[in-house]
There are 2 protein chains.
Amino acid sequence: MDVRTICLGILTRGDATGYEIKNLFQHDGYQHFVEASFGSIYPALNRLTEEGLVSVRAEAQEKRPDRKVYSITPAGRTAFIASLLKPLPEDRHRSPFVFAMLFSDLLPKSRVAALIDQYTTQAQAKLAQLNESNTQPKSAGEEFANGFGRAIYEAMLDFLKSQRPKFNAEPDAIAAE
Amino acid sequence: MDVRTICLGILTRGDATGYEIKNLFQHDGYQHFVEASFGSIYPALNRLTEEGLVSVRAEAQEKRPDRKVYSITPAGRTAFIASLLKPLPEDRHRSPFVFAMLFSDLLPKSRVAALIDQYTTQAQAKLAQLNESNTQPKSAGEEFANGFGRAIYEAMLDFLKSQRPKFNAEPDAIAAE
DNA sequence: GTTTGCATGTAAACGGTTACATGATTGG
DNA sequence: CCAATCATGTAACCGTTTACATGCAAAC
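Residues numbered from 1 in each chain as written. Chains lettered and ligands numbered in written order. Predicted model: local features only at pLDDT ≥ 70, side-chain atom pairs only at ≥ 80, totals over all residues. Heavy atoms only, no water.

K.L.:
Please set out the packing of aromatic side chains residue by residue, giving values where relevant.
P.N.:
The tally for this structure, following the rule as stated, stands at 30 aromatic pairs over all chains. Centroid distance A:Phe99 to B:Phe80: 6.1 Å. Interplanar angle 90 degrees. Geometry classified as edge-to-face. Separated into two different chains, A:Phe99 in helix 5 (residues 96–101) and B:Phe80 in helix 4 (residues 74–85) make up a pair that spans both. The pair A:Phe99 / B:Phe80 is uniform in exposure class, with both members buried. (Phe/Tyr/Trp six-rings, centres within 6.5 Å; stacked < 30°, edge-to-face > 60°. Helix = DSSP H or I, 4+ residues; strand = E, 2+ residues; numbered from the N terminus. Buried < 20%, exposed > 50% of the residue type's maximum accessible area, 1.4 Å probe, protein only.)

Take a look at the structure:
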């Protein structure tokens, strides 16, 4: 999903500035499956404005740039829904971790063990984040995204735990004294 | 992981042409976590050759381009392993499907149901592929990658199955006759 | 006193995909 | 007869990231 569409989607939930959009999809279920940086968000919002899919109102501020608050227009809403009715691009899960594990036979056992342990810690942190956001009432969609994320991270962690012993770090040849 | 590194990795397992490299990581565990097209592989191999990380020998063929068989050099092997010892980039799972589901409240129920059903079918196909490749003896790494993939797809399928009823397609308002 | 948050934006660089060009052979 | 397999490569395009520019205020 491109940044344009992501911005449009977030704006269906309420008005926001570019800055807020960035933060919004670092929380609450968006986080694990989409991302984008300022360098792509601001140009995207400008283009969407030109095309009439969003509108802006500038709120003046002292001593920092004007807040530019974006709203989705009816045309924008239509375009957004249309984009979700077209065939979606496929998911892609790019995993440097799994790639590295494919070559575990070329690496010191200690490195492989560290790789697994790091990945485990990360997955635990992400899972914890998903469980945290149980406070606010969520839309059906957010609940789905949360559940989906949780299911995946839990499965990863189970698998990682089951495999970990195979790569047990005999502390790299210091043992024999 | 960039295409360069992926090529290097595959060549640690044996010599191959650019064409073969492409096909190799469409099989056996690589498939779900890395990908690249010819348009990036061929230039990558040329650059790796310039840098002395791989070597080429051309095998003449009648009536089609010479096969250029690439081998990894000792320098290439060292560089590859070094790249796996450095901190790895994080995984990124981009999911247009989950993104669309976040906005399920804006879509017709029939569309949401179709989305889930399509995604389920895809996941089943990928899982089947992983289970198929149980014939050849696998390296520890390939076994790990396979298991990891299986764990994820199974968890997804379970979750999808559990959620499916919530989006049951009352066939979009034709019901009342 | 340094980091974080607020707030926007541009330019260069990067990495990659898509489409194109070429063309014989084999299998359905 | 058409599609797929084999086989390499280039060029245009695309979307995105990274780094830069600017700068105050509040929190730690």
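K.L.:
I'd love a proper account of the protein's contact with DNA strand C, names of residues and values included.
P.N.:
Inspection of the region around DNA strand C gives 21 residues, with A:Tyr19, A:Tyr42, A:Gln61, A:Lys68 and B:Ser37 positioned closest. A:Tyr42 has a polar side-chain atom sitting 3.0 Å from a phosphate oxygen of DNA strand C. Between DNA strand C and B:Val3, the relevant distance is 3.4 Å, taken from a phosphate oxygen to a main-chain nitrogen or oxygen of the residue. Of all elements in the fold, only helix 2 (18–24), helix 3 (38–50) and strand 2 (67–72) of chain A together with helix 3 (38–50) of chain B reach the threshold of two or more residues within the surface near DNA strand C. For the surface near DNA strand C, the element with the most residues is strand 2 of chain A, which contributes three residues. (Near = heavy atom within 4 Å. Polar contact = N/O pair within 3.5 Å; in protein donor to acceptor, adjacent residues only side chain to side chain.)

K.L.:
Describe in detail the side chain of A:Ser104, supporting the description with residues and values.
P.N.:
Looking at the element boundaries, A:Ser104 is found in the loop between helix 5 and helix 6 (109–132). Contact partners of A:Ser104, with chain neighbours within four places excluded, come to A:Val112, A:Phe167 and B:Gly141. (Contact = heavy atoms within 4.5 Å.)

K.L.:
Provide a residue-level description of the interface of chain A and chain B, including the pertinent values.
P.N.:
Each side of the interface is counted separately: chain A has 61 residues, and chain B has 60 residues. Summed over both partners, the interface of chain A with chain B comes to about 5,900 Å²; 70% of that surface belongs to carbon and sulfur atoms. By the criterion of area lost to chain B, the three top residues of chain A are A:Phe99, A:Leu102 and A:Phe144, representing 13% of everything that side buries. Taken together, the connections running from chain A to chain B amount to eight salt bridges. A salt bridge links B:Arg94 to A:Glu35; the shortest N-O distance between them is 4.0 Å. Scanning the region where chain A abuts chain B turns up 24 residue pairs in polar contact (both at pLDDT 80 or more). Of all elements in the fold, only helix 1 (3–11), helix 4 (74–85), strand 3 (92–94), helix 5, helix 6 and helix 7 (140–163) of chain A reach the threshold of two or more residues within the side of chain A that touches chain B. The greatest single-element share of the side of chain A that touches chain B, amounting to 14 residues, is contributed by helix 7 of chain A. Counted by class, the side of chain A that touches chain B contains 37 nonpolar, twelve polar and twelve charged residues. Relative to strand 3 (residues 92–94) of chain B, strand 3 of chain A is paired through three bridges, and the arrangement is antiparallel. The residue of strand 3 of chain B that forms the bridge with A:His93 is B:His93. (Buried area = accessible area lost by both parts, 1.4 Å probe. Salt bridge = Lys/Arg side-chain N within 4 Å of Asp/Glu carboxyl O. Nonpolar A, V, L, I, M, F, W, Y, C, P; charged D, E, K, R; others polar. Pairing = 2+ DSSP bridges.)

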